[in-house]
Each structure stands twice: as structure tokens, then as C-alpha cells.
Amino acid sequence: GVASAAAAARGATVDVKESEIDFKLYYLDWVKNSSTAFVSTYGDTLYRTTDNGATFVAQMDKMVDSEKPVPPRNNKGIAVVLPTIDPRSLYFLGAGNMYWTTTDGGETYTKRNAPFYVASIKPSPHSARKALAQSMTDACFDQMADGECYHEVWLTTDLGGTWRRLMHYVSEYQYHWGHSDMDVWMLAWADKSGAQERKARYDLKLIRSMDLFATPPTVMLDHCVDFYVAHRTDFDYVVAAVQTTPAPSSLAFFIKHQNAVVFSGAIFPDQPREGFYSVIDVNSKATFINVRELRTKAWGNTYVSGEFGSKFALSLPYTYIDGYEVNFHAVRGIEGVYFANEAKYAESEDDVAPITVVSHNMGKDWVAINSSHVHAANGAKLDCGPVVTGRECRLNMHIARQSRFSQQWSQYGPIVAHPDMPGSVIVTAQLGHTFDMEAEPDTWFTRDAGATWAKLANGSHAAQLADRGNLIVIAPDQKKVKGISWSSDHGKTFQFVQLSEEEFYVNNILDVPTSDDSVWVLAHRGVGRERQLVFKVTIKPFATTCREEDLERWSPTDIASSDLCVLGEKKVYVRRRTSAQCAHAQTGLFGTPEPCDCAPRDYECDACYVEQSPGVCAYAGGGDCPPENAVTGCFNGYYNKTRGYRRIAGNKCKNPLQGYEPELTQCGKSPNGFTVPIPNNVAAPIVIVLAVLICGCCVATGLLYKFNPRFNQFVASIGLPGVKGSAPRPPGYAAFGDPNTALDDDLLEDNEQYGDDDDDVDVDDDDDDDDDD
């Protein structure tokens, strides 16, 4: 490549390395803290780079039989790269029952032949040696094969050397690791007969094993049709959807934390139905779920949970849905910042005009990007075009699911942000009084998490941020080009770099994790099954490294209130000044965030309440909401009675406002099952009566334990502290075989079912041809 004269005049150096691989990227995995990466392509070929992408070497010659067609579909090659928590240990999923492993970062590979068709593998997030895999029986591919078509889940504890079957008749892809390398969750049918595809989802059960099926698993929920496990920093968070009737009509959500023994029913003011909801974001503090009324509607209501995840309140009504994609995006770098498109009706329900809104406080407030918040990169005012009666001039983004590599899901450039570059975001968007989703957008940039925006370039561009947000690299993605452009002053000026004498189409631009100065430009020269070009471009705009005087301090501002207190605290970040002529600024959080005194802005309406007027929440009911004056959660005789407000999830303000915080109130049980307040003058007699009843139950239990052998055996099997028995069980397990417990005998037809085989199943290793690990 040839750097432009303008760039050379500024003392910048640009280095370009061009590589060619057989087809577009399908999967990319960087070996942590190294210059090594693995790339698999849509041509089923595996490549490896050890120099940050300067060169790529095909690995198929080192992987025995990787070019050999494998039944039942006679596929070949490498489809997926699956890293473990050990950066140098990976799985490479091939065709049929074939896969490969490495323990030295790809220097050598061991071929494995599993005793089953490998549909998917999920390495443990806690142990490099353990992984789960799902298989499909022969009948799933061959109608003449013996047996039925169903899915199984297997376990390896030695990086694929041996496998043990855990469960069969498991819903496709519905198996996950829990909070430890002994904890597994999955959806399975109790009836182990017939074809799986003909089974009713209503009959699914959510099961959990905390000892890798060494003992019978626990059925956590009946009729569970979907679940989601999120590994949060301090606990695991599980969202489960339960079908309430055999007909797929309505659902109920259930929530479980790691330390909770059982699931608790989520309070949800809407009534979702199967296939009409999406879990669109789970962060460290809150969960967002979108519920769609009908598939024909181009919108759904988005709900946000409280900090403990079980009470949902309305966040953004009429969230726009493009086909099946909810236009809702969590911005990386600063927690609590979201971009979304809100559907607005133009002439009718079929004529939807989405507008973009931004939230800086975990979805409580949403603000449109009016023309006063946008400008040209040089600060000049921009023209909004022809005036449309009743429509304000706004900046509206393209927000949809983003592909990491080839943009097969997104027509225009993806949203670009980075966790090490707080506040810096590149988007494709239109400025005007209307939002034409089919018209080509322009490319925009923000340094303050969406509070203000600068126009980088006309038209849609692939883009990337490097050098902690101080280096912007863009290229048009709707036409052929010969190079890219870069800016070191946050888009005020750009320099052009020619990458090739021959024109090409740019698919995407990717960052290089271990090199602040480098990006990958993915491109192809034509349409159809074309070979993929990979340009590794290293840009060094300045020879000097930033010093203290080149930096400035910046604090995020809540776009709704213009307040420096965001989610209850003031954060200060250090970043490079736009005018500074230096590179590699040591940016990031400065000091310790300062908590702010609580104010009404730190609270939102509680579940089942809606904002009746600005800042005033009123009870609305609906869905799973209890009566207004009846709440659940009584503990030790007290419950937290809501005043209709709750602190926003993740908010860290100090000195809570008493008029907004829940009120600690004495409680009792009402006939309808809800907890209700009880007067102090009757609380004491109730406690006395309860104490008498408890003593009576204790005496009766002791007599049963002493004189009833069956009850004695049951108590022994529970494993209570201080009780001896011949069948102790891990804590947290229900009594197996008892119809009133959470376990179901039908799930465990034989020992093989839950992994109590005498021997593990060895895989067929080709050690003569490969270097074993």
C-alpha cells in the first residue's frame, strides 16, 4: 500500500500487509494476550496467524482427514473455532463426528472421532478440560435408520478424550453451564420415546445437576419452553419462560439467582406469548425483555427489571422491530447507555416511522437526538433538508443485529464501540425530518456516549476505533474503493491510504486486540463466492507518546437531565485532547467515582406502576401484578411495601429519599395468598399461635421418625444435618421419587440416562498421524 502525501507530510507512517484466504470469515478467535488468531471461513477452511494478521497460514494439512467428506451429510472442513478458558486450548468443530483439539495454540492438533454426531460443543467457562456437547441420532438424517430422532447431551472432562452421556431427548441448543464446572442446566422431555420433533414443548422440564449427573438431577420447572443463563460478576442469573397452558398462548417468566434455592415468579405487567418475546440485554444489574403483541406488528414493549431481576417495569413502549430484530443496542464502554428505535405511526399502524432515542440511565428516560445535538466534524451547523409539518429534525440510526465479520445481517455499517474507549461510538444514521429506512445513511461519531454527534462522512461506511478511540478508520461499504481513510483528530480531517491498485468492496473493519495501531480491513473484489482479502493496516499518526498535558478530563452527562450525576454517581474519565499531536494516551477512569445524594431522577416507577405525570407513579396492574395493597416477600414478619418507586438498577446514590424507598411493614397471610399488613395489636397473638403449631409439628415429626420406617428412610435420604442414613444427598436436592418434590422418575429411566455408566466412552484418536496433546 502507498500512504498519501498528506499523511506523509504530517510525519505519519502507514504499513499495509495484504493476505488472501479462500472465502469470507465465518468465525474469528484471538488467543488472549498474544498475536495469534484463528479464522474459519465459509469455505470450511481454518487459517492461523501468529503476527496479528500480517500473514495467514491454512491449517488443513496439519489436521488429519480435515478434507475428507464425513457422513451423514458428507461435509468436510472446519466450521467453528471454540476457545476454552485456557487461551492455548481450543476445539475445532468439523463435520459429522469429527473434531480436533489443540493445547499449544495450534502448533499441533489432535484429531478426535466422537461416538456421536457432534451438533454443537460448549466449553466450560470454569474449566479448560470440561465441555458439553449435543448430538443427533442417525434417524435425524436417515429415515431408514433404526430408532427415533432425538438429541443427547454428553460431557467430557479431558478436552474431548472421552465422553459420557448425560441426558437424551434434550431440546436443541438448550443446555448451558451454570455457576461452576459441576453445574449444568438443560431442557428435556420426561417421555423418552418417539421422535423428538413431534413432542409438545409444553411437556419440557428445566432440569439442573450440580454434580454433573453423578446423582439424579433436579427438575427446577415444569412446562419450561426457554431459559437463559447469564454469568454475572457475583452470581448467576437465570431467566426461564414457562408455558401456562398446553396451547402455546401465554407465558410466565421465572427468575433465579445463584443463592436462591428455587425460582421466583417474575412480576410482569404484560402477558407474553411463546415466540413473541426476546431477552434483548442482560447486564450486571438489569435485564431487558421485549414483548411483541403480534408478529405482524413492527413494534413491541420493552421492560426492564430491578436490580435483583424479578420485577419488571415498562422501559420503552413501541420499540421498533425490523423483521425479527429488536432495534435495541447496549453501548459498550459505559454501563447503562442504550440506543433504540421507537416506532411512531405516520398514517396507520402499517406505516411505521421509527425515531432514535438514547438512554443514559438504564432505560428509565429516553431522549430523541434533536438537531441541536448534531453538527459537522468542524463544528458547523448542518442542514436538515425540507421541513415536514409535525416532524422535528432528528438524527435517526440504523440499529439492527450486527455481524462481526461480513455484515450479512446488516445492510449498512455496524455500530462501533469498545469497552476501553468509554463514550466513543460510530454509527450510520440519517439527519432529517423523516427516517427513510431504505435510503443510504451517513456516518456519525460521538465522544460523549450520544449526548452530541459529529458527522464524519457522507454515506454508509465500515468503521473502526483504534488507539483507545483516538484513531478512526473508515471506508465506504456501498461501492468499490481502492483504500481507506483515517483520522487522528476525531474526524475533523481525514487522510487517505491506498491499499491496492485494483478496486474492491469493503465488508468490515476489525480491531486488533493486541495492537493499538492496527486494524484488519476485510474486502472482496466482486460478488458471489469470492476470495476474501485481509489487509492488516498499521497506522502510526504521531511519533511521540502522550504526556499529562495532552490529556483532559471528561464526565458523562445524563442526556435527559443534563446532570453530571449518572446512575447516582459522578465518574471522571481521562482522554486525549483532540488537538494533541500524540499517540497511545493512557485513557480510562480517573480516580474513584463520587456518589451523589439521591434525587427523584435516581428512581423509576416500580413494577405494576406507570408514570401518571412527570415524576408521579400510579398503580396500573395487569399481567402478573398483585392487588395494589397486597405484596409478596414477607420475611421474619415484615415486608417491603412499595411506594410505587424503586431505585434504578445499578444506581449508587447515597442518602436515599424516604418518600421513594419501600416502607418496612409488618405482614401476615391473606386468604388469596398475598401478604397484607396486620395491626400491631394482633401481631403478638398470631406469633403465639404459630409457635404452638410449630412445636406440635416438631413433636409429630419426631414420633413419625421414630416409629414409621418409610418416613425414617425419607428423612435419611434428605441428608439433614445430624441425621444419619444410608443414602445421603447433596444439599439442595429434592427427595427422588416423591411425587410432591421437584424430581420426576420419568426423567431417569436407567442409570445410563444420567451418566452413571460403568465406563466413559473413548473417542477414536489418530495419534499415529497427529501430535497428541
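Residues numbered from 1 in each chain as written. Predicted model: local features only at pLDDT ≥ 70, side-chain atom pairs only at ≥ 80, totals over all residues. Heavy atoms only, no water.

A look at the pairing of strand E13 (residues 151-156)
Two faces make up the sheet, and in a regular strand the side chains alternate between them. Summarising burial for E13: six of the six residues are buried, a large majority. Side chains His151, Val153 and Leu155 project from E13 onto one buried face, and the interleaved Glu152, Trp154 and Thr156 project onto a second face that is buried too. As paired elements, strand E12 (residues 131-136) and E13 share six bridges and run antiparallel to each other. When the sheet's bridge partners are listed, Ala131 is paired in E13 with Thr156. Sheet topology places E13 next to strand E14 (residues 162-168); four bridges connect them, and they run antiparallel. Residue pairing for E14: Trp154 is matched across the bridge by Arg165. The antiparallel pairing of E13 with E14 creates a hairpin that spans five residues between the two strands, and Leu159 there sits at a positive phi of about 55°. (Buried < 20%, exposed > 50% of the residue type's maximum accessible area, 1.4 Å probe, protein only. Helix = DSSP H or I, 4+ residues; strand = E, 2+ residues; numbered from the N terminus. Pairing = 2+ DSSP bridges.)

Observations concerning the confidence of the model for the protein
On average, residues of the protein score 82 in pLDDT, and 81% of them are at 70 or above. A low-confidence stretch, residues 1-6 stays under pLDDT 50, and its non-local contacts, those more than four residues away or across chains, total 10 contacts. Of the regions scoring below 50 in pLDDT, residues 403-409 engages in 26 contacts with residues more than four places distant in sequence or in other chains. (pLDDT = per-residue confidence, 0-100. Contact = heavy atoms within 4.5 Å.)

Some words on the packing of aromatic side chains
The description of an aromatic ring pair rests on the distance of the ring centres and on the angle between the ring planes. Tallied over the entire structure, the rule returns 28 aromatic pairs. Seen from their ring centres, Phe253 and Tyr277 are 5.2 Å apart, and the 85° between their planes marks the pair as edge-to-face. In this pair, Phe253 is assigned in strand E21 (residues 251-257) and Tyr277 in strand E23 (residues 277-282), connecting sequence segments 24 residues apart. The class for Phe253 is buried, based on a relative accessible area of 2%. Cluster of aromatic residues (ring-pair linked, three or more members): Tyr91, Tyr99, Phe116, Trp154 and Trp163. Sitting above the plane of the Tyr175 ring, Lys122 keeps its charged end 4.2 Å from the centroid. Its guanidinium or amino end placed over the ring of Phe590, Arg553 lies 3.8 Å from that ring's centre, counting from NZ or CZ. (Phe/Tyr/Trp six-rings, centres within 6.5 Å; stacked < 30°, edge-to-face > 60°. Lys NZ or Arg CZ within 6 Å of the ring centre and 35° of its normal.)

Section: the environment of Thr156
Relative to the helices and strands, Thr156 resides in strand E13. Given a relative accessible area of 0%, Thr156 falls into the buried group. Residues contacting Thr156, with those up to four places away along its chain left out, are Tyr91, Arg129, Lys130, Ala131, Gly161, Thr162 and Trp163. Reaching out from Thr156, the side chain makes a polar contact with the backbone nitrogen of Gly160 at a distance of 2.9 Å. (Polar contact = N/O pair within 3.5 Å; in protein donor to acceptor, adjacent residues only side chain to side chain.)

Re the sheet that holds strand E22 (residues 264-265)
Sheet strands associate in pairs through backbone hydrogen bonding, adopting either a parallel or an antiparallel arrangement. Strand order across the open sheet formed by four strands is E19-E20-E21-E22, with antiparallel pairing between neighbours. Bordering the open sheet on either side are strand E19 (224-231) and E22, each of which pairs with just one other strand.

A look at the pattern of salt bridges
Taken as a whole and judged by the stated rule, the model has 25 salt bridges. Salt-bridge contacts for Glu18 lead to Arg525; the nearest nitrogen and oxygen are separated by 3.5 Å. Separated by 507 residues along the polypeptide, Glu18 in strand E2 (residues 13-21) and Arg525 in the loop between strand E43 (518-524) and strand E44 (532-540) bring together distant segments of the chain. Glu18 gets classed as partly exposed once you look at its relative accessible area, which sits at 41%. Residue Arg525 is joined to Glu502 by a salt bridge in which the shortest nitrogen-to-oxygen separation is 3.9 Å. (Salt bridge = Lys/Arg side-chain N within 4 Å of Asp/Glu carboxyl O.)

Re the sheet that holds strand E48 (residues 588-589)
Reading across from one edge, E45-E47-E48 is the order of the three strands in this open sheet, with antiparallel pairing throughout. Every interior strand has two partners, whereas the edge strands, strand E45 (551-554) and E48, have only one. Where E45 lies against strand E47 (residues 573-576), four bridges are found, and the strand directions are antiparallel. Bridging across to E47, Leu551 finds its partner in Arg576.

Some words on the state of the cysteines
Applying the stated criterion to the full structure yields seven disulfides. Linked covalently through their sulfurs, Cys565 and Cys596 form a disulfide whose S-S length is 2.0 Å. Of note, the bridge from Cys565 to Cys596 carries an S-S torsion of about -90° and is left-handed in sense. Within this pair, whereas Cys565 is found in the loop between E45 and strand E46 (569-570), its partner Cys596 is found in the loop between strand E49 (594-595) and strand E50 (603-605), the two being separated by 31 residues in sequence. Residue class for Cys596 comes out buried when judged on its relative accessible area of 8%. A sulfur-sulfur separation of 2.1 Å characterises the disulfide bridge that pairs Cys608 with Cys625. Judged by the sign of its S-S torsion, about -100°, the cystine formed by Cys608 and Cys625 is left-handed. (Disulfide = S-S within 2.5 Å.)

Quick notes on the pairing of strand E36 (residues 442-446)
Among the five residues in E36, five count as buried, and that is most of the element. The alternating pattern of E36 places Asp442, Trp444 and Thr446 and Thr443 and Phe445 on opposite faces, both of which are buried. Note that strand E35 (residues 425-432) and E36 share five bridges and pair antiparallel. When the bridges of E36 are listed, Thr428 appears paired with Thr443. One ladder, built from three bridges, connects E36 with strand E37 (residues 453-457); its direction is antiparallel. Bridge assignment links Trp444 to a residue of E37, and that residue is Lys455. Hairpin remark: E36 followed by E37, antiparallel, with six residues in the connecting loop; positive phi at Ala449, about 60°.

Comments concerning the environment of Tyr91
Tracing the chain through its elements places Tyr91 in strand E8 (residues 90-93). On the basis of relative accessibility, which here comes to 0%, the residue Tyr91 falls in the buried class. Considered as a pair, Tyr91 and Thr103 are 12 residues apart in the sequence and their alpha carbons are 9.3 Å apart.

Describing unusual backbone geometry
Of note, the phi angle at Asn33 is positive, near 55°, even though the residue is not glycine. Within the fold, Asn33 resides in the loop between strand E3 (25-30) and strand E4 (37-41). Exposure remark for Asn33: the relative accessible area of 70% places this residue in the exposed category.

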